[in-house]
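# Chain and residue survey
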Amino acid sequence: MESNKGKGYAWAVSAGFNAALAAISAKLFSHQLIRYCLVILFNVTMWGCYVNSLKALSSLQATVTNFATNFLSSGLAGFFLFEEALSFQWFAGALLIVIGVFILSKSSIEKKTRTA
């Protein structure tokens, strides 16, 4: 079960990266056809990865991991590729998101049992 969970997180992170790549390609390429084809390609890939992550994780864990990866990679790509400014608040928020994902990854809904 633990191996499947690791694969689930790998799929969720991959989905987040593909979502970020879709946004990056929409900004990076000027030719419309290339831009649209890459956005569609990365979004289809993202959905495939996300669906695979749902096979091993709860929907909450998969969604939050996907979102966090997308948020962090999009922000860092904006900083490095497009010279966008990132404020202290962005880094503080990113740190809180990473902490939240870590806490979520350590919690397991399946392991909790009702004692009544």
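Residues numbered from 1 in each chain as written. Predicted model: local features only at pLDDT ≥ 70, side-chain atom pairs only at ≥ 80, totals over all residues. Heavy atoms only, no water.

Below, the discussion takes up the overall build of the chain. Summing up its helical and strand segments, the chain has 4 helices and 0 strands in all. Put simply, the chain runs from its N terminus to its C terminus through helices and strands in the order α-α-α-α. Along the three orthogonal principal directions, the C-alpha set of the chain runs to about 60 × 35 × 20 Å. Among the 116 residues that make up the chain, the fraction classed as buried is 30%. For the chain, the share of sequence-separated contacts (at least 6 apart) that also reach a separation of at least 24 residues comes to 69%. (Helix = DSSP H or I, 4+ residues; strand = E, 2+ residues; numbered from the N terminus. Buried < 20%, exposed > 50% of the residue type's maximum accessible area, 1.4 Å probe, protein only. Contact = heavy atoms within 4.5 Å.)

Let's shift gears to the pattern of salt bridges. Following the criterion strictly, the structure yields 1 salt bridge and no others. The residue K27 makes a salt bridge to E84 at a minimum N-O spacing of 2.3 Å. Placement of the pair is K27 in helix α1 (residues 2-28) and E84 in the loop between α3 (59-82) and α4 (88-106), with a sequence separation of 57 residues. (Salt bridge = Lys/Arg side-chain N within 4 Å of Asp/Glu carboxyl O.)

On to the environment of I24, then. With respect to the helices and strands, the residue I24 is situated in helix α1. The class of I24 is buried, set by a relative accessible area of 15%. In this structure, the C-alpha to C-alpha distance between I24 and S74, residues 50 residues apart in sequence, is 7.3 Å. Beyond its immediate chain neighbours, meaning those up to four positions away, I24 contacts A77, L81 and F82.

It is worth spelling out the packing of aromatic side chains at this point. Per the stated rule, a full pass over the model turns up 5 aromatic pairs. Ring geometry for W47 versus Y50: centroids 5.7 Å apart, planes at 85 degrees, classification edge-to-face. Of this pair, W47 and Y50 both sit in helix α2 (residues 32-54), separated by 3 residues, roughly a single helical turn. Take W47: its relative accessible area is 51%, and that puts it in the exposed class. Among the aromatic residues, those joined into a ring-pair cluster are F67, F71, W90 and F91. The ring of F82 has K27 lying over it, and the distance from NZ or CZ to the ring centre is 4.9 Å. (Phe/Tyr/Trp six-rings, centres within 6.5 Å; stacked < 30°, edge-to-face > 60°. Lys NZ or Arg CZ within 6 Å of the ring centre and 35° of its normal.)

A full pass over the atoms with the stated rule returns 0 disulfides. In this structure C37 is a free cysteine whose sulfur lies 19 Å from that of C49, the closest cysteine sulfur available. In this structure C49 comes out as buried when scored by relative accessible area, which is 5%. (Disulfide = S-S within 2.5 Å.)

Our focus in this paragraph is unusual backbone geometry. Trans peptide bonds make up the majority, and among non-glycine residues the majority have a negative phi. Positioned with a positive phi, E83 is a non-glycine residue whose angle comes to about 55 degrees. Within the secondary structure layout, E83 lies in the loop between α3 and α4.

Turning to the packing of α2 against α3, a few remarks are in order. Look at α2 against α3: their axes get within 9 Å of each other, and the N-to-C directions meet at 145 degrees. In this structure, the crossing between α2 and α3 has a hand that is right-handed. Across the interface between the two elements, M46, Y50, S53 and L54 from α2 touch S59, A62, T63 and N66 from α3. Grouping the amino acids of the contact of α2 with α3 by side-chain chemistry returns 4 nonpolar, 4 polar and no charged. (Axes fitted to C-alpha atoms, helices over the stretch in contact; angles between N-to-C directions. Left-handed = near helix turned anticlockwise from the far one by under 90°. Nonpolar A, V, L, I, M, F, W, Y, C, P; charged D, E, K, R; others polar.)

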